[in-house]
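Structure at a glance
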Amino acid sequence: MNSANTAFEKSYRHINIWLAVVCATILVLMVMLVVNNSIATLKQQLSENAQQVFQSTQEDLHAGKNVLDGYQAYFRTVDIVDYRKLEDYSRSIRKEHPFIYMTQYMIRVENSELPEFLSERRREGYATFRVTEYASNEFRTLVPASERSVYYPLVFMDPMEIASLPLLGFDVLSFPLIRDAVDEAIRSGKPRATKPFNMHTGGTGYVIITPVYTADDLPDNPILRYDLATRLVAVAFKTDNILHGITIND
């Protein structure tokens, strides 16, 4: 009798172990199914959110180019720029497009014109104005610009924040990422964006630049276009400002 009971107990234990294994297997499979579904849902959501970011960025870029077209039209109508009116115009633009962090205006200055250009700036009230560039490998320290044949110093920016004031006079040709965009813009006659970089006022951003020529009919030779590109206008974007305006789906 004892042998029969012992055999029964062993069989019962084996059944329980088998049932436990089956239940554990089913539980693992259910967990894997839930996890896989969650991963698939997460991937889809991330894909949709990434598409939102891309679409919003593209829309901002397109709007930025339209703004630059407006600036081009504005500068073509004036020989002498009224900086007070330019500031009013810039503020209205930034109010309409809050993702634009800053508008900028640069003037082409040849080396031989530099002394008169600096004197003119100082007569306008900028007593310490100078043409500058970043010190080697230091993107915070500004030093007098190196000797070169042509400069495009920054003469206007809006808003004029305390942190950005040192940038007045900064030669955009001295900064490789911006210089590449300037070269492409002048050659093509169309707005060109820089690659993202660490901005002087903090954060990461990029700039879209377009040239303003002194003639409507541009020569086919890109080199000759440089002589006609007497001014540059740009809009600057901060990455944080763009992402802040994007609503991500839950």
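You'll find the structure just up there.
Read on for an overview of the structure. (Residues numbered from 1 in each chain as written. Predicted model: local features only at pLDDT ≥ 70, side-chain atom pairs only at ≥ 80, totals over all residues. Heavy atoms only, no water.)

The element strand S10 (residues 229-238) is extensively covered by neighbouring structure, given that 9 of its 10 residues are classed as buried. Note that strand S1 (residues 100-107) and S10 share 7 bridges and pair antiparallel. Following the sheet pairing, Met106 is matched in S10 by Leu232. Pairing geometry for strand S9 (residues 204-213) and S10, over 9 bridges, is antiparallel. Looking at the pairing, Tyr213 lines up with Ala229 of S10. (Buried < 20%, exposed > 50% of the residue type's maximum accessible area, 1.4 Å probe, protein only. Helix = DSSP H or I, 4+ residues; strand = E, 2+ residues; numbered from the N terminus. Pairing = 2+ DSSP bridges.)

Scanning the entire structure with this criterion turns up 9 aromatic pairs. With a centroid separation of 5.0 Å and an interplanar angle of 50 degrees, the aromatic rings of Tyr134 and Phe170 are classed as tilted. Separated by 36 residues along the polypeptide, Tyr134 in strand S3 (residues 132-134) and Phe170 in the loop between strand S6 (154-158) and helix H4 (176-188) bring together distant segments of the chain. Comparing Tyr134 with Phe170 shows no difference in burial state: the two are buried. A ring pair is formed by Tyr206 and Phe237, whose centres lie 5.1 Å apart and whose planes are at 15 degrees; its orientation type is stacked. Here Tyr206 is found in strand S9, whereas its partner Phe237 is found in strand S10, with 31 residues between them in sequence. With respect to class, Tyr206 is no different from Phe237; both count as buried. Taken together, the ring pairs in this structure connect Tyr134, Phe170, Phe175 and Phe197 into an aromatic cluster. Taking NZ or CZ as reference, Lys238 lies 4.6 Å from the ring centre of Tyr101, over its face. (Phe/Tyr/Trp six-rings, centres within 6.5 Å; stacked < 30°, edge-to-face > 60°. Lys NZ or Arg CZ within 6 Å of the ring centre and 35° of its normal.)

Per the stated rule, a full pass over the model turns up 11 salt bridges. A salt bridge links Glu133 to Arg148; its shortest N-O distance comes to 3.0 Å. With Glu133 in strand S3 and Arg148 in the loop between strand S4 (142-144) and strand S5 (150-151), this residue pair connects regions lying 15 residues apart in the sequence. On the accessibility criterion, Glu133 (12% relative accessible area) is buried. (Salt bridge = Lys/Arg side-chain N within 4 Å of Asp/Glu carboxyl O.)

On to the layout of surface pockets, then. By volume, the largest pocket amounts to about 290 Å³. Among the elements that make up the lining of the largest pocket, the one with the highest residue count is helix H3 (residues 114-123) (3 residues). In terms of residue class, the lining of the largest pocket is built from 8 nonpolar, 2 polar and 6 charged. (1 Å grid on protein atoms, 1.4 Å probe; cavity = no way out; pocket = protein on both sides within 12 Å on 5 of 7 lines; lining within 4 Å. Points joined across faces, edges and corners; volume = space filled by probe spheres on them. Nonpolar A, V, L, I, M, F, W, Y, C, P; charged D, E, K, R; others polar.)

Moving on, we get to a nonpolar patch on the surface. A cluster of nonpolar side chains, namely Tyr126, Met160, Ile162 and Leu165, defines an oily patch on the protein surface of about 400 Å² accessible area. Residue placement: Ile162 occurs in the loop between S6 and H4. Judged by its relative accessible area of 75%, Ile162 falls in the exposed class. (Patch = residues over 30% accessible without salt bridge, like charges linked within 9 Å, V, L, I, M, F, W, Y side chains within 5 Å. Areas by Shrake-Rupley, 256 points an atom, 1.4 Å probe, with all protein chains shown as cover.)

Moving on, we get to empty space enclosed by the protein. Taken as a whole and assessed by the stated rule, the structure comprises 1 cavity of 30 Å³ or more. By volume, the largest cavity amounts to about 240 Å³. What lines the largest cavity is a set of 18 residues, and nearest its centre among them are Gln104, Leu167, Ile178, Phe197 and His200. Of all the secondary structure elements, the ones that give two or more residues to the lining of the largest cavity are S1 and strand S8 (197-198). Take the lining of the largest cavity: its biggest share by element is 3 residues, from S1. Of the residues contributing to the lining of the largest cavity, the split by class is 14 nonpolar, 4 polar and no charged.

These figures capture arrangement, not role.
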